[in-house]
Amino acid sequence: MKRIITIAILMFSFVSFAQIKVIETVPVERLGKVNNNYIQKIGDEYTVYYTSIQNDDESSSLRKFTFKNVNNDYNSLYSIIVNGFTANPLYDIKLELPNNYIWLHYTGSVIPEKATVQFMVSSKDASSVTSNVSEPLLKDQINKLFQK
């Protein structure tokens, strides 16, 4: 009986001082995708990945901006972008996110379905003065990107 208790105590001590712990993870969900541009959702945080058309550094042309879905911000961003296509005249819209400023730059066309929008993203960080510009996206591509 003493041996069983001793073995049980030893086993318990090994289990309680284990180096590996299981941590609960939040699933990563990839939403819509257009070319190399896509939106990724982790919990209540959305990250928009976009292809930069500027080749400042050759390491990677994929850039991103992130925001939390507070007060339904994901749908609000979608509405702001889509409503910008119907504005007359087309004008740039400036948005403020926690870490970035984003300009939605619209380019018109004689055919309304050919109007495009580009994300112009700059960091709020004072040490970084560079901005990145996404490839032009049509309204249909925005709908696909946001899965609408």
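Coordinates for the structure precede this section.
Keep in mind the model is a prediction, meaning the values are calculated, not measured.

Undergrad: Outline a nonpolar patch on the surface, listing residues and values.
TA: A cluster of nonpolar residues, Met1, Ile4 and Ile5, forms a patch on the protein surface that exposes about 370 Å² of accessible area. Among the secondary structure elements, Ile5 is positioned in helix H1 (residues 2-16). Residue Ile5 is classed as partly exposed on the basis of its relative accessible area, which comes to 45%.

Undergrad: Describe the sheet that holds strand S1 (residues 28-34), and please don't skip the residues or the numbers.
TA: The strand order across the open sheet formed by four strands is S1-S2-S3-S4, and the pairing between neighbours is antiparallel. Of all the strands in the sheet, the pair left with one neighbour each is S1 and strand S4 (62-68). On average, each strand axis in the sheet is inclined to that of its neighbour by 20°, with strand direction left out of account. Two strands pair when backbone bridges link them, and strand S3 (residues 45-51) and S4 are joined in this way by seven bridges, in the antiparallel orientation. Counterpart to Val48 in the pairing with S4 is Phe65. Here helix H2 (residues 73-85) sits on the sheet and contacts S1, strand S2 (37-42), S3 and S4; the angle it forms with S4, its principal contact strand, is near 125°.

About the cut-offs
- Residues numbered from 1 in each chain as written.
- Predicted model: local features only at pLDDT ≥ 70, side-chain atom pairs only at ≥ 80, totals over all residues.
- Heavy atoms only, no water.
- Patch = residues over 30% accessible without salt bridge, like charges linked within 9 Å, V, L, I, M, F, W, Y side chains within 5 Å.
- Areas by Shrake-Rupley, 256 points an atom, 1.4 Å probe, with all protein chains shown as cover.
- Salt bridge = Lys/Arg side-chain N within 4 Å of Asp/Glu carboxyl O.
- Helix = DSSP H or I, 4+ residues; strand = E, 2+ residues; numbered from the N terminus.
- Buried < 20%, exposed > 50% of the residue type's maximum accessible area, 1.4 Å probe, protein only.
- Pairing = 2+ DSSP bridges.
- Axes fitted to C-alpha atoms, helices over the stretch in contact; angles between N-to-C directions.
- Contact = heavy atoms within 4.5 Å.

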